[in-house]
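The lines below spell out each chain.
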Amino acid sequence: MAQQEQSQKPQPQKQQGDKQKPQKQQQPIAELRRVRIEKMERLRDEGVPVWPERFERTHTLEKAADLAEGTEGVRIGGRVIAKRDMGKLIFAKLRDFKGGLQISLRKDGLDPELFKRFKKRIDIGDHVGCAGRIYRTEKGELTLEVESFEFMGKALRPLPEKWAGVKDVETRLRQRYLDLIVNEEARDRFRLRTSVVRTMRRYLDDHDFEEVETPILATKASGAMARPFTSHHNALDIEVTLRIAPETYLKRLVVGGYDKVYEFARCFRNEGMDPSHLQDFTMLEYYCAWWNYEDNMRFTEELVKHTIKEATGGFTVERKDEDGNVTRTLDFGGESWPRVTMRELIQRDCGIDITAQEDAASLRAAMIEQDIRVDKMDVLGRGALVDQLYKKVSRPKLIDPVFLIQHPTDLSPLARRNDDDPSVVDRFQLVVNGWEVVNAYSELVDPLDQRARLEEQAGLRAAGDDEAMDLDEDYLLAMEHGMPPISGWGMGIDRFVALITGQDSLRETVLFPLMRPE
RNA sequence: GGGUCCAUAGCUCAGUCGGUAGAGCAGCAGAUUCUUAAUCUGCGGGUCGUAGGUUCAAGUCCUACUGGACCCA
């Protein structure tokens, strides 16, 4: 019997499909969708607004979960994420962004029509607004006894599996909303990102920094060594590039008199895609006049510790493997993070003293002698070779926070030379878990040295290092109007969030990472 | 650029030696007034990523392509 009744409903649809060819291939999902549209149409027939514009709530679910038993007149709204129908008693679970609450409907506890409507027309995924009183079930769960409810919108497609969630990486990235609906871990991660940004912004504001915005669309890519995205500006008929860093604009502002300035800067680098590089990412940069890199290191330690404490509640971060086993614990709580020069570090890890290797050729020879080979070895200048060498032999070993200081000058064209040793610059990086989290230095404020250094970069560029920096006359012009001593600072926010949320891929810290179209 | 792996129902996954497709959840019908991944009975749902090839026979083997994951340089 039931069987026959069953087959009558879907049947017409199928016959139609057979007769009318143009009807698109019948995806099975269409059946689930059709059922839900039908429910919506029934609701409309019953005079229920199917996309109502408003429901007055007295509490969010997070707040409602703190209410005392017996509280009357509570009005809450949310998405139905579970429904357990026991005949004359229905339990369901509602969720909104920050909380969740169980509701219950008793057949003799509300209008029979409403009870039937909930039973028959409400699907998992739909939104409802409920009014009632708070009580505790026999099993002890705080619950809203629904006295009336309003249908607040239909989900035409089913939600992913309630227990396993969405696992497929591609689906999670392409349809992040599903990841957010179903995976609590994803919600927590993105809320933590927001909290990190908010905490850092407040900390900087509280220390008298000014937040500014500088151009994303520019005529010259500067401030970092990277390939830019280019576009065409129609009105001016010129080539433009998306910024690769906000650095030179923020420093122009210091020329203009800002002495503490920062920007959360979306930057774009047209380079290889891998788990630790996004093409579209967020960098926080700040510049502080009258500071040197030592002052900046102290401030960095305070800022980073404060942020981690606020965001996670502690100073340690656990890194886990695929099975959830803790592989390492990063400790940010150390009294004063250790400082090590690039020279000391490389010497310790492979025996090469970079100070003794004064040019690219001799350094290359020393590396080959140790059987250390890196990409494009024969075209890179000395600075870039040092950098590659460091990344190969040393960086992976740096786990707990450490300040790596005094990088080669020719790797840092915008940084100030060290007074005692002009072959290195007054620069530091905060390295954690083998990742560069912060890059900062005492800024080069001498316009003549700056010109010479940028000309040297142009030479490297001509020799085949396509990451070498471009010469930026407009920035040199600004510099020639006079700069105070400055220390500047940059942090990859995506990377920092990945670090403290235990993610290996930066795409898990970005809501909608770019994907190739399907 | 070179290599390895993955793609099966809306979701999570099985699928043996090549013999024509399975489960759980979700859905539908029914039962059920305290559930918590509710339970119980019954039912529907598939161009096995796409296109070729091998074979009597392909989800399974081969090739290419598409999308994804990872490793190396």
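Residues numbered from 1 in each chain as written. Chains lettered and ligands numbered in written order. Predicted model: local features only at pLDDT ≥ 70, side-chain atom pairs only at ≥ 80, totals over all residues. Heavy atoms only, no water.

Scanning chain A from terminus to terminus reveals 16 helices and 18 strands. For a compact globule of 518 residues, the expected C-alpha radius of gyration is about 24 Å, and chain A comes in at 30 Å, more than 25% above that figure. Reported as C-alpha extents along the three principal axes, the dimensions of chain A are approximately 90 × 60 × 50 Å. Contacts spanning at least 24 positions in sequence make up 64% of the contacts within chain A whose residues lie at least 6 apart. For chain A, the exposed surface amounts to about 27,100 Å²; the carbon and sulfur share of it is 48%. Here chain A contributes 80 positively and 92 negatively charged side chains, and the mean placements of these two sets differ by 10 Å. (Helix = DSSP H or I, 4+ residues; strand = E, 2+ residues; numbered from the N terminus. Rg over C-alpha atoms; globule rule 2.2 N^0.38 Å. Contact = heavy atoms within 4.5 Å. Areas by Shrake-Rupley, 256 points an atom, 1.4 Å probe, with all protein chains shown as cover. Lys, Arg positive; Asp, Glu negative; His and termini not counted. Charge placed at Lys NZ, Arg CZ, Asp CG, Glu CD.)

One pass over the structure, following the stated rule, counts 13 aromatic pairs. Ring geometry for Phe118 against Phe149: centres 5.2 Å apart, planes inclined by 90°, an arrangement best described as edge-to-face. Of the two residues, Phe118 sits in helix α5 (residues 112-121) while Phe149 sits in strand β5 (residues 142-151), which places them 31 residues apart along the sequence. Considered together, Phe118 and Phe149 belong to a single accessibility category, that of buried residues. Judged by centre distance (5.7 Å) and plane angle (45°), the ring pair of Tyr203 and Phe299 falls under tilted. Of this pair, Tyr203 sits in helix α8 (residues 184-206) while Phe299 sits in helix α10 (residues 293-312), and the two are 96 residues apart along the sequence. Assigned by exposure class, Tyr203 and Phe299 land together as buried. One aromatic cluster in this structure is built from Tyr203, Phe209, Tyr286, Trp291, Phe299 and Trp489. When the ring centre of Phe55 is taken as origin, the NZ or CZ atom of Arg75, which lies over that ring, is 4.4 Å away. (Phe/Tyr/Trp six-rings, centres within 6.5 Å; stacked < 30°, edge-to-face > 60°. Buried < 20%, exposed > 50% of the residue type's maximum accessible area, 1.4 Å probe, protein only. Lys NZ or Arg CZ within 6 Å of the ring centre and 35° of its normal.)

For chain A, the assigned domains are domain 1 (29-153), domain 2 (177-337 + 400-509) and domain 3 (343-394). Between the C-alpha centres of domain 1 and domain 2 the distance comes to 47 Å. Looking only at domain 1, the three residues that lose the most surface to domain 2 are Arg79, Arg95 and Phe97, adding up to 81% of its buried area. Linking domain 1 with domain 2 are zero salt bridges, by the criterion used here. Where domain 1 packs against domain 2, one counts one residue pair in polar contact (both at pLDDT 80 or more). (Domains from an automatic or database assignment. Buried area = accessible area lost by both parts, 1.4 Å probe. Salt bridge = Lys/Arg side-chain N within 4 Å of Asp/Glu carboxyl O. Polar contact = N/O pair within 3.5 Å; in protein donor to acceptor, adjacent residues only side chain to side chain.)

Here the focus is the pairing of strand β15 (residues 402-405). Across the two faces of β15 the burial is the same, with Val402 and Leu404 and Phe403 and Ile405 all buried. Sheet topology places strand β14 (residues 339-341) next to β15; three bridges connect them, and they run parallel. Considered in β15, the bridge of Val340 is made with Leu404. Relative to strand β16 (residues 427-432), β15 runs antiparallel, the two being bridged by four bridges. (Pairing = 2+ DSSP bridges.)

With that settled, consider the sheet that holds strand β18 (residues 486-492). Read from one edge to the other, the open sheet built from eight strands follows the order β6-β10-β11-β18-β17-β16-β15-β14, with strand pairing classed as mixed. Each edge of the open sheet is held by one strand with a lone partner, namely β6 (210-211) and β14. In the sheet, β16 pairs with strand β17 (residues 435-442) via six bridges, with the strands oriented antiparallel. Considered in β17, the bridge of Val432 is made with Trp435.

This brings us to the environment of Trp51. With respect to the secondary-structure elements, Trp51 resides in the loop between α3 (29-45) and α4 (61-64). According to the relative accessible area criterion, Trp51 is exposed, its value standing at 53%. Trp51 sits 249 residues away from Thr300 along the chain, and the two C-alpha atoms are 50 Å apart. Residues in contact with Trp51, not counting those within four places in the same chain, are Met40, Gly153 and Lys154.

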